[in-house]
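Okay, here's what each chain looks like letter by letter:
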Amino acid sequence: MKAVQFSEHGDRDVLTYDEFDDPEPGDDEVLVDIKAGALNHLDIWTRKGLPGVDLDMPHIPGSDAAGVVDAVGDDVTRFEEGDHVAVSAGVACGQCEFCRDGDESLCVRFHIIGEHVRGVHAEKAAVPEANLVPVPDHVDWEVAGSASLVFQTAWRMLIDRADIEPGEKVLVLGASGGVGHAAVQIADYAGAEVFATASTDEKLEYAGECGADHVINYEEDDFAEQVKELTGKRGVDVVVDHIGEATYQDSLKSLAKGGRVVTCGATTGPNPGAGLNRIFWNQLSVIGSTMATPGQVDDVLELVWDGTFEPRVRETLPMSEADRAHEIVENREGFGKVVVIPDSEL
Ligand SMILES: [Zn+2]
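The structure contained in this document is the topic of the report that follows.

Rules used throughout
Residues numbered from 1 in each chain as written. Predicted model: local features only at pLDDT ≥ 70, side-chain atom pairs only at ≥ 80, totals over all residues. Heavy atoms only, no water. Donors = N, O, S within 2.8 Å, 3.2 Å for Na, K, Ca; no water. Tetrahedral: all angles 85-135°; square planar, octahedral: opposite > 155°, others 65-115°. Buried < 20%, exposed > 50% of the residue type's maximum accessible area, 1.4 Å probe, protein only. Helix = DSSP H or I, 4+ residues; strand = E, 2+ residues; numbered from the N terminus. Arc of directions from axis to C-beta. Contact = heavy atoms within 4.5 Å. Core = buried A, V, L, I, M, F, W, Y, C linked by side-chain atoms within 4.5 Å. Domains from an automatic or database assignment.

Bringing the coordination of the zinc ion into the picture now. With distances of 2.3 to 2.4 Å, the protein atoms coordinating the zinc ion are Cys93 (SG), Cys96 (SG), Cys99 (SG) and Cys107 (SG). Here the zinc ion binds four donor atoms, and the angle range of 102 to 117° at the metal identifies the geometry as tetrahedral. On the basis of relative accessibility, which here comes to 24%, the residue Cys93 falls in the partly exposed class. Looking at Cys99, the relative accessible area reads 7%, which means it is buried.

Below you can see the structure in the form of structure tokens.
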């Protein structure tokens, strides 16, 4: 089969689309004929190399994909040949205290397909049965292959970890990215008043279409000041911040008393000043979130399959142009998801 791959960490020129041994599904695995995959910012980090993550080279990147079941291992019970499936990339052990308690994304052995083990940007992938979700036949491959990681991440952040209530004010930073545009849709669906930031007016228009009530161009305006102005100095109840050092202090400033900031990433760096004075005086909460439990994945993807939520596709490219796909994500061009399709499917 052909697969996107790299044999050493580095810039985009380490990526190739070449022959790779066909995967052999284990007893608890499903062989999936991949129809479409999508990129996440995680793919950029993985390609560049993450501290403490030692990959089997060559590595196949990619945490999101969907396709048709080609074969199943002996112990697989939920799927058969011909089923449409999407990958849910979080792998849990099923045995630690957190897994046994039904909170698999807290698993002590938690890891992610594409980040810690070989991913799915290839013509075929062998995926554990537990990491596949059924997809109704009417759903487009681009939607099926691009929704899982960002919608599950945003869903757990807002619905479970931040536990947003109808009528609350929710600020989503970086609304043009995958998680951002999913968070805007989910906050709107949950009945929140949604504030969104992005870097261009075109991206803000898309954010509005996704459900943002107020949009802020952070290149032109200080978003914390804008939030204060738009809320009569009160601030918002929740900030979704996956940006980190560049935004964290302004996220704290944007919060109303008792507010909470929920984070699932730190693309500009993980160590902003803690801002403890603001945290104790205003009684703020800083909440972490990673991926989601299988039940949460089912809940949110059900709402993608029925059209309530929609991953917006900014560009679709053949897998042989994976370097260009990485470039779009890295440079934050456009709005939403970048989809990659095996060249043989085009
Ligand atoms: Zn576990």
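This part covers helix α6 (residues 201-210). Residues of α6 that are buried: Lys203, Leu204, Ala207 and Cys210. Burial along α6 is one-sided: seen end-on, the buried residues are contained in an arc of 110°. In α6, the exposed positions that point more than 90 degrees away from the buried face belong to Asp201, Glu202 and Glu205. Next to the buried residues of α6 lie α5 (178-189), β11 (193-198) and β12 (214-217). Phi turns positive, to about 125°, at Gly211, one or two residues after α6.

Moving on: the nonpolar core. Membership of the largest hydrophobic core comes to 86 residues, with the highest contact counts inside it found for Phe151, Leu158, Val170 and Trp305. For this core, the element with the highest residue contribution is helix α4 (residues 148-161), accounting for seven residues. A domain split of this core shows at least three residues from each of domain 1 (2-148 + 292-341) and domain 2 (162-288). With near-sequence residues (within four places) excluded, Leu158 lies in contact with Asp163, Ile164, Val170, Ala183, Ile186, Ala187, Val238 and Val240. The next biggest cluster of nonpolar side chains, apart from the first, holds 15 residues, and it includes Leu171, Phe223, Ile243 and Leu255.

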